[in-house]
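Analysis of the macromolecular model
Here are the chains, one letter per residue:
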Amino acid sequence: LLVVAPGATDRDGLFAGLAARADYLLRFAAGAAEAGQALAAAPVALLIAAPEIPTAEVSALRATKERLQPGLPVLVVRNRQAEEPPAWARRGVGVLRCPLLPEALSRSVDVVLGLVSR
């Protein structure tokens, strides 16, 4: 799993449930450029964007993902009032709203990866 989250993100809080799981390898990228390098270097099962990632950067991530790993699913964690472009839903981007219950992100990842493997 590749998580795009700036250094200021509470990685130990929001992503603790995923990090504790032995069945997932969690890698972090600080922004779109670093994520692009990670996507070019190795296969990724799921791309996750932290709530601190601006909408324009998520759109840039989507474009990079389409070029490097076209079938890769994307989950975007957004703050409650944050807007997202309608194109995200048409392109298969899942949006989760904060605040999340402690295991909601982990369960959502299971659901997305379960759908992809079918």
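Each remark here, short or long, concerns the structure printed above.
This report concerns the structure included in the present document.

Conventions and cut-offs
- In this convention, every chain numbers its residues from 1, walking through the sequence in written order.
- In keeping with the model being predicted, local features are shown solely for residues with a pLDDT of at least 70 and side-chain atom pairs are shown and tallied solely at 80 or more, while totals for entire chains, interfaces and linings include all residues.
- Side-chain measures here rest on the full set of heavy atoms in the structure, leaving out hydrogens and waters.
- Here, strands pair whenever DSSP counts at least two bridges between them.
- A run of H or I in DSSP becomes a helix once it reaches four residues, and a run of E becomes a strand once it reaches two; helices and strands are each numbered from the N terminus.
- To obtain each axis, a line is fitted to C-alpha atoms, and for helices this fit is confined to the stretch in contact; angles are then taken between N-to-C directions over 0 to 180 degrees.
- Whether two residues are in contact is decided by their heavy atoms: any pair within 4.5 Å suffices.
- Here, nonpolar core means buried Ala, Val, Leu, Ile, Met, Phe, Trp, Tyr and Cys residues that are tied together by side-chain atoms lying within 4.5 Å of each other.
- To sort residues, take the accessible area from a 1.4 Å probe on protein chains only and compare it with the maximum for the residue type: under 20% means buried, over 50% means exposed, and anything in between is partly exposed.
- Here is the rule: rings of Phe, Tyr and Trp (six-membered ring for Trp) pair when centre to centre is within 6.5 Å. Planes less than 30 degrees apart are stacked, more than 60 are edge-to-face, and the remainder are tilted.
- Pairs of N or O atoms within 3.5 Å make up the polar contacts considered here, provided that, within protein, one atom can donate a hydrogen while the other can accept it, and that residues adjacent in sequence are counted only when both atoms are side-chain atoms.
- Criterion for a salt bridge: a side-chain nitrogen of Lys or Arg within 4 Å of a carboxyl oxygen of Asp or Glu.

What the 5 strands build is an open sheet, ordered β2-β1-β3-β4-β5; its pairing is parallel. Whereas interior strands pair on both sides, the edge strands pair on one side only; in this sheet they are β2 (27-29) and β5 (93-97). Pairwise comparison of adjacent strand axes, ignoring direction, gives a mean angle of 25° for this sheet. Here 3 bridges tie strand β3 (residues 47-49) to strand β4 (residues 74-78), and the two strands are oriented parallel to one another. The partner of Leu 47 across the bridge, within β4, is Val 74. Its contacts with the sheet put helix α3 (residues 32-41) on β1 (2-4) and β2, and the angle it makes with β1 is roughly 165°.

Another point: the nonpolar core. If you look at the biggest cluster of nonpolar residues, it comprises 36 residues, and the most contacted ones within it are Phe 15, Leu 18, Ile 48 and Val 109. Secondary-structure elements contributing two or more residues to this core are β1, α3, β3, α4 (55-68), β4, β5 and α6 (104-116). Setting aside anything within four residues of it in sequence, one finds Ile 48 in contact with Leu 2, Val 3, Val 4, Phe 15, Leu 18, Leu 75, Val 77 and Val 109.

Within the structure shown, the criterion is met by 1 aromatic pair. Centroid distance Phe 15 to Phe 28: 5.8 Å. Interplanar angle 75°. Geometry classified as edge-to-face. Taken together, the positions of Phe 15 in the loop between α1 (11-14) and α2 (16-19) and Phe 28 in strand β2 put the pair 13 residues apart, joining distant regions of the chain. The class for Phe 15 is buried, based on a relative accessible area of 0%. Residue class for Phe 28 comes out partly exposed when judged on its relative accessible area of 28%.

One can find Arg 21 in the loop between α2 and β2. In the structure, Arg 21 is positioned 84 residues away from Leu 105 in sequence and 12 Å away in space, judged by C-alpha atoms. If near-sequence neighbours (up to four positions away) are discounted, Arg 21 is found in contact with Ser 106 and Asp 110. Only 2.9 Å separates the side chain of Arg 21 from the side chain of Asp 110, close enough to count as a polar contact.

The full count for this structure, using the stated rule, is 4 salt bridges. Here Glu 66 makes a salt bridge to Lys 65, at a shortest N to O gap of 2.3 Å. With a relative accessible area of 38%, Glu 66 lands in the partly exposed category. Judged by its relative accessible area of 4%, Lys 65 falls in the buried class. Residues Glu 84 and Arg 97 are paired through a salt bridge, measuring 2.6 Å at the closest nitrogen-oxygen approach. Of this pair, Glu 84 sits in the loop between β4 and α5 (86-90) while Arg 97 sits in strand β5, and the two are 13 residues apart along the sequence. Here Arg 97 falls in the partly exposed class, since its relative accessible area comes to 31%. The network of salt bridges with shared partners includes Arg 21, Asp 23 and Asp 110.

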